[in-house]
Amino acid sequence: MNKVDFSDINKFFTSLGLILIGLALLLPWYISKNINILLIDKENIENKTCIGKSVLNSQQEYLYKFNNWLPIIMAILIVGGIVLLIIGLIKWKKRQKVIYGIQDEEWRLKKMEGISIEEKTENIGNEIKDFSGTDKQTNIQQYIQVENSIYLKLTRKYSLNYIVEQNLKIDRYNFDIILKSKYFNKRTDLILEIKYFKRSPSSVEIFAITRLFLLSIAHYEQTLQRPKVIPILIFVLDSKEILDKSKESKQKMKDLANDHGIDNLRIIYLLKDKIESSTPENFIVE
């Protein structure tokens, strides 16, 4: 390092420390290079002009004193250089951990892809098997409207502390809504999976939905290294009768989550007609 790096205070300390150590090692070479000034014999000095004699005497006196103080000067430079080098490297290392963490976070975020409306429509269409033609398209639009309504309410309420994102894909897993905490040390992420049924879902469907959701949560935690997220499974139903019947499977779904090592699964049941009048808390608090 042949110059001081001012781009970062830690790099500055490190580069300055190296320069001081290098300067200390160069001082003996400087003395030896100019030793001939001290070796000029008396006759040569007498032949000089008065000004020349004065200059030579000053240089000899300077080199003589400098040579006597050389060990102390070298020790101060070396010790000071080592101290600055250690301080710079320690703080630089801490800073690099932060930088590496940011880079890792950026790399993990790149694994999250947005789902296009066409892909979202296709995914919902694959879920809806009881409808065809115009009825199916209508149901798909209602499904998307339900998710959008919940997303907008959550965005308005929680965007201060969370990055609220919709329709994301990580590898082969799709996520309806993710509330990614801006301050992960204070609060964890929330992931919402929304399922809309016009009829009563079968127990087979419910457990298949739950199992896939739990797998996606585990994949999210592992891939993005954000453990203990809060998974929220929302069932939106058309009638209270269907809603009450669907609740019968709630405890079994909780047990299934516990078997997967997830003990904080939240299961929320909502009537479609009540979504607009619901508060954002209704979508995350069981």
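Reference entry: report on the structure contained in this document. (Residues numbered from 1 in each chain as written. Predicted model: local features only at pLDDT ≥ 70, side-chain atom pairs only at ≥ 80, totals over all residues. Heavy atoms only, no water.)

## Observations regarding the pattern of salt bridges
Any two side chains of opposite charge can pair, given that their charged atoms come close. As a reminder, the rule being used: Here, a salt bridge means any Lys or Arg side-chain nitrogen found within 4 Å of an Asp or Glu carboxyl oxygen. The secondary structure listing takes helices from DSSP runs of H or I that are at least 4 residues long and strands from runs of E that are at least 2 residues long, numbered from the N terminus. Each residue gets one of three labels from its accessible area relative to the maximum for its type: buried under 20%, exposed over 50%, partly exposed in between, using a 1.4 Å probe on protein chains only.
As enumerated under the stated definition, the model contains twelve salt bridges in all. Between Glu-119 and Lys-169 there is a salt bridge, and its shortest N-O distance comes to 3.5 Å. On the criterion of sequence distance, the pair formed by Glu-119 in helix α5 (residues 117-127) and Lys-169 in strand β2 (residues 162-170) is long-range, its members being 50 residues apart. The class for Lys-169 is partly exposed, based on a relative accessible area of 25%. Here the residues in one salt-bridge network are Lys-120, Glu-147 and Asp-176, joined through shared partners.

## What to know about the pairing of strand β3 (residues 173-181)
Going by this rule: For two strands to be treated as a pair, DSSP must find at least two bridges joining them.
Burial runs high along β3: eight of the nine residues are buried. Two strands pair when backbone bridges link them, and β2 and β3 are joined in this way by eight bridges, in the antiparallel orientation. Bridging across to β3, Gln-166 finds its partner in Ile-177. Adjacent in sequence and paired antiparallel, β2 and β3 are bridged by two residues, among which Asp-171 carries a positive phi angle near 60 degrees. Bridge analysis of β3 against strand β4 (residues 190-197) gives three bridges, and the strand direction is antiparallel.

## What about the side chain of Lys-120?
As a reminder, the rule being used: For the purposes of these results, a polar contact is taken to be a pair of N or O atoms within 3.5 Å, where, inside protein, one atom must be able to donate a hydrogen and its partner to accept one; residues adjacent in sequence count only when each atom of the pair is a side-chain atom. Should any heavy atoms of two residues lie within 4.5 Å, those residues are counted as being in contact.
Here Lys-120 shows up in helix α5. Accessibility expressed as a relative area gives 7% for Lys-120, which makes it buried. Here Asp-176 takes part through its side chain, which lies 2.9 Å from a polar atom of the side chain of Lys-120. Setting aside residues no more than four positions away along its own chain, Lys-120 makes contact with Ile-115, Glu-147, Asn-167 and Asp-176.

## Looking at helix α7 (residues 203-224)
Our working rule: A helix's residues, less one, multiplied by 1.5 Å, set its expected span.
Compared with an ideal rise of 1.5 Å per residue, which puts 22 residues at 32 Å, α7 spans 31 Å between its outermost C-alpha atoms and is within 8% of the ideal. By the burial criterion, the buried members of α7 are Ile-206, Ile-209, Thr-210, Phe-213, Leu-214, Ser-216, Ile-217, His-219, Tyr-220, Thr-223 and Leu-224.

## Quick word on a nonpolar patch on the surface
Heads up, the condition is: Exposure above 30% relative accessible area and no salt bridge define the residues that can form patches, which grow by joining like charges within 9 Å and nonpolar side chains of Val, Leu, Ile, Met, Phe, Trp and Tyr within 5 Å. In these tables, accessible area is a Shrake-Rupley quantity obtained with a 1.4 Å probe, and a residue counts as shielded only by the protein chains included in the view.
The grouping of Trp-69, Ile-72 and Ile-76 at the surface amounts to a nonpolar patch, some 350 Å² of accessible area in total. Under the relative-accessibility criterion, Ile-72 is labelled partly exposed at 44%.

## Points about the environment of Leu-256
Within the secondary structure layout, Leu-256 lies in helix α9 (residues 250-259). Leu-256 gets classed as buried once you look at its relative accessible area, which sits at 12%. Note: C-alpha distance between Leu-256 and Leu-214 (42 residues apart in sequence) is 9.0 Å. Discounting residues that sit within four places of it in the chain, Leu-256 has contacts with Phe-207, Thr-210, Arg-211 and Leu-214.

## Comments concerning the environment of Phe-197
Along the polypeptide, Phe-197 turns up in strand β4. The class for Phe-197 is buried, based on a relative accessible area of 10%. When the C-alpha atoms of Phe-197 and Leu-243 are compared, they prove to be 9.5 Å apart, with 46 residues separating the residues in sequence.

## Quick notes on the packing of aromatic side chains
Put simply, the test is: Aromatic rings from Phe, Tyr and Trp, with only the six-membered ring used for Trp, were paired whenever their centres fell within 6.5 Å, and each pair was classed as stacked if the ring planes differed by under 30 degrees, edge-to-face if by over 60, and tilted otherwise. Two limits define a charge over a ring: the Lys NZ or Arg CZ must be within 6 Å of the ring centre, and within 35 degrees of the ring normal.
In this structure the tally under the stated criterion is five aromatic pairs. Note on Tyr-158 and Tyr-162: the rings are 6.3 Å apart at their centroids and 85 degrees apart in plane angle, and the pair reads as edge-to-face. Taken as a pair, Tyr-158 and Tyr-162 share a single burial class, namely buried. Put simply, the rings of Phe-197, Phe-235 and Tyr-269 pair up and form one aromatic cluster. The ring of Tyr-183 has Lys-186 sitting right over it, with the charged end atom 5.8 Å from the ring centre.

## Details of α5
The criterion, for reference: The arc refers to the directions leading from the helix axis to the C-beta atoms.
Looking only at α5, the buried set comprises Lys-120, Ile-124 and Gly-125. Buried residues of α5, viewed axially, fall in a sector of 135 degrees; they line one side. In α5, the exposed positions angled more than 90 degrees off the buried face are occupied by Glu-118 and Glu-122.

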